[in-house]
Amino acid sequence: MSAAEDSRAGASATAVPPTLDELRDEAMAWGRKPRRFGGWYVTEHMVRAMRAYGWTIVIGALGQPVLYLLGMAVGLAALIDAPIIDRGQQVDYLVFVAPALLMTAAIAVASEEFTYPVMAGFKWRRYFFGFSASPIASAQIAGGVVAGAAARMVVTVVLYYLFLWLFGAVPDPATGWLSIFAGLAAGLAFGIPVMAYAASIEDDKGQFALVQRFIFMPMFLFSGTFYPLSELPGWLQWIGWISPLWHATELGRAATYGDGMPPMIGVHIAYLLALAAGGWFLGRHYFERRLAR
Amino acid sequence: MVDVTPRRGGVRALWAGNPWAVVQRGLLAARSSSWIVVLSGFFEPVFYLASMGIGLGSLIGDVQTSGGVDVPYAAFIAPALLAVSAMNGAVYDSTWNVFFKLNYGKLYEGMLSTSLGPLDVALGEMLYALLRGLLYATGFLIIMQILGLNLAPTAILAIPAVLLIAFGFASLGMAVTSYMKTFQHMDWINFVLLPMFLFSSTLYPITVYPEVVQWIVKAFPLWHGVELIRGFTTGVMSPDMGWHILYYVVMIAVGLVFTTKRMRALFLD
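Residues numbered from 1 in each chain as written. Chains lettered and ligands numbered in written order. Predicted model: local features only at pLDDT ≥ 70, side-chain atom pairs only at ≥ 80, totals over all residues. Heavy atoms only, no water.

Turning our attention to the pattern of salt bridges. Side chains that differ in charge, positive against negative, can pair when their charged atoms come close. According to the stated counting rule, one finds 10 salt bridges over all chains in the structure shown. Across the pair R152 of chain A and E112 of chain A runs a salt bridge whose closest N-O atoms are separated by 3.3 Å. Within this pair, whereas R152 of chain A is found in helix α7 (residues 138-166), its partner E112 of chain A is found in helix α4 (residues 93-113), the two being separated by 40 residues in sequence. In this structure E112 of chain A comes out as partly exposed when scored by relative accessible area, which is 43%. Among the salt bridges present, the one from R213 of chain A reaches E44 of chain B, with a minimum N-O distance of 3.0 Å. Residue R213 of chain A is located in helix α10 (residues 207-221), and its partner E44 of chain B is located in helix α3 (residues 43-60); the two belong to separate chains. We classify E44 of chain B as partly exposed; its relative accessible area is 23%. (Salt bridge = Lys/Arg side-chain N within 4 Å of Asp/Glu carboxyl O. Helix = DSSP H or I, 4+ residues; strand = E, 2+ residues; numbered from the N terminus. Buried < 20%, exposed > 50% of the residue type's maximum accessible area, 1.4 Å probe, protein only.)

Now for the side chain of H247 of chain A. All names here are of chain A. Structurally, H247 can be placed in helix α12 (residues 244-257). Polar side-chain contacts of H247 include one of 2.6 Å to the backbone oxygen of W241. Among the polar contacts made by the side chain of H247, one reaches the side chain of H268 at a distance of 3.0 Å. With sequence-adjacent residues up to four places away left out, H247 is seen in contact with G240, W241, H268, Y271 and L272. (Polar contact = N/O pair within 3.5 Å; in protein donor to acceptor, adjacent residues only side chain to side chain. Contact = heavy atoms within 4.5 Å.)

Bringing helix α8 (residues 187-199) of chain B into the picture now. In an α-helix, one full turn covers 3.6 residues, which means residues spaced three or four apart are oriented alike. Along α8 of chain B, the positions that sit buried rather than exposed are I189, L193, L194, P195, M196, F197, L198 and F199 of chain B. One or two steps after α8 of chain B, the chain reaches S201 of chain B, where phi turns positive at roughly 55 degrees.

Quick look at the packing of helix α11 (residues 234-242) of chain A against α12 of chain A now. If you want to describe how two helices pack, look at the angle between their axes and the distance between the axes. All names here are of chain A. For the pair α11 and α12, interaxial distance at closest approach is 4 Å and the crossing angle is 70 degrees. Looking at the two axes, α11 sits roughly perpendicular to α12. Of α12, the residues touching α11 (which contributes G240, W241 and I242) are P244, W246 and H247. Looking at side-chain class alone, the contact of α11 with α12 contains 4 nonpolar, 2 polar and no charged residues. (Axes fitted to C-alpha atoms, helices over the stretch in contact; angles between N-to-C directions. Parallel < 35°, antiparallel > 145°, perpendicular 65-115°, else oblique. Nonpolar A, V, L, I, M, F, W, Y, C, P; charged D, E, K, R; others polar.)

Our next topic: helix α13 (residues 265-291) of chain A. Residue and element names in this part refer to chain A. In this model, α13 (27 residues) spans 38 Å end to end at C-alpha, consistent with the 39 Å of a helix rising 1.5 Å per residue. Taken together, the buried positions of α13 are H268, L272, A276, G279, G283, F287, R290 and L291. The secondary structure elements touched by the buried residues of α13 are α5 (116-124), α6 (127-132), α7, α9 (178-200) and α12. (Expected span 1.5 Å × (residues − 1).)

This brings us to the confidence of the model for chain A. Residue and element names in this part refer to chain A. On average, residues of chain A score 88 in pLDDT, and 95% of them are at 70 or above. Put simply, helix α1 (residues 3-14) is where chain A has its lowest mean pLDDT, 50, and α9 is where it has its highest, 97. Between residues 1-7, whose pLDDT stays under 50, and residues either more than four places distant or in other chains, the model counts 1 contact. (pLDDT = per-residue confidence, 0-100.)

Think of a pair of aromatic rings as described by two things: how far the centres are apart, and how the planes are tilted against each other in angle. Residues and elements named next belong to chain A. A full pass over the atoms with the stated rule returns 27 aromatic pairs over all chains. With centroids separated by 5.0 Å and ring planes inclined at 80 degrees, the aromatic side chains of Y116 and F208 adopt a geometry described as edge-to-face. Of this pair, Y116 sits in helix α5 while F208 is found in helix α10, placing the two residues 92 residues apart along the sequence. Taking the relative accessible area as the measure of exposure, Y116 reaches 40% and is therefore partly exposed. Under the relative-accessibility criterion, F208 is labelled buried at 6%. For the ring pair F122 and F129, a centre distance of 6.1 Å and an interplane angle of 75 degrees mean the geometry is edge-to-face. Given the relative accessible area of 2%, F122 is considered buried. Taken together, F122, Y127, F128, F129, F131 and F287 form an aromatic cluster joined through their ring pairs. (Phe/Tyr/Trp six-rings, centres within 6.5 Å; stacked < 30°, edge-to-face > 60°.)

Residues and elements named next belong to chain A. Among the secondary structure elements, V145 is positioned in helix α7. Judged by its relative accessible area of 2%, V145 is buried. Sequence separation of V145 and Y53 is 92 residues, and the distance between their C-alpha atoms is 17 Å. V145 has contacts with V42, M46, F114, V118, F128 and M195, leaving out every residue within four places of it along the chain.

Shown next, in the form of structure tokens:
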């Protein structure tokens, strides 16, 4: 018998045994911390799980910007003689593509972290049900997943921004750093709705491959990433308008060019927030429904 | 009563002459899996062609090929995208697909306990990957024809060229996969494919790089594939194309020997 149990046994021998209410209060007191901070426990789990592929994350976050910058900025730029006219301002091709590449990197992280890990939590490894058996609420589990992915996004976006800055792709560093927040917003505006979708899937029939090919790819290719959206014929421009990538890129371009407020800054921010919030309400709903089963 | 002659020595131990059985099994299995995912692979180069051809094409105009002729930008990148999709398709089929069968499905253990040898299994898997490549390549060439991007009748030769490229990547990919132990190892494949895609004169001629970089690019297989297919679709043929073909023939031979050895080491020794 341990010392703690010893003393408890002694106490109960002399004092009145605790009433049911007292016991309930004690249990509630123990549950209060996980109840309040539960989401962060989930975040901690998600981030720790990323250590399994930590090197992949680091090499990816370092290698991809270098490769894309060399490929696009050195290679394609050599073909494009005329400087890009964007928003009435002449900019180098490198300066033009850089913010779009940063946003794409954040969205790529989102499409990785909000798909299979969510599916694994519900279906393959079922750790969400484990969290759910503790005092952590369903919405907190969803929130924890979001925060975990956001943590990886921050690492990726900050590293990317540093590379852009080193390559001279940020003419105005005074406001350029704001593109880091635009990147985070892009990742969450795309990723949280994807999380909601992932939470609603019962069987893996290759849906994520389809999301990758029919949503991520067209968004990457038709959102004014490599050339101004106005170069596309009108019947293709709508892809840019509904794409979080385009809205975030517009914000990123305004920040890195340092040419002040873009005319539609409110629309861009509101659209990204609306996507993230809409995804959040849906996602919370699916998490609650599925974990209550 | 069936007359059974036991296989003896040399290549007989590795080869039952029946890789088609492995291909048939692949086709049967494909029926029960999601066909729409298989079909979706076709759209990737199409989206790239639409985006780059339309948008960048209007910024760039004409581009000079290594054969010294000016072609519209879309006609410049289309053959390259065909080569890239041959590479991607072959690599994904011979890595992700094979990795799963090797480590989770334990499929090859079953196959090798029949009369099939490791060479049958290796060749069969690759032929199956080639069928898929053939499907994508034909579809993409039809789209190129409709858009007027096939500048010469030799463009039809791009189909065998795609199969050659896919065969080369598939044979090497399968050998490399046999060394992989976890899913995380598979990410390294992207680190090899992405720079190849970006630098192998796919989206712009490699002449924009200094000569040293050009030689490095030329050492990698994708560049040879891009040049080969671009030669066929633009109709600017040169004797150099023989070297590109030889590169892939050697790659296929090395890959096949390597893969067969690995299958043998994993399952038979």
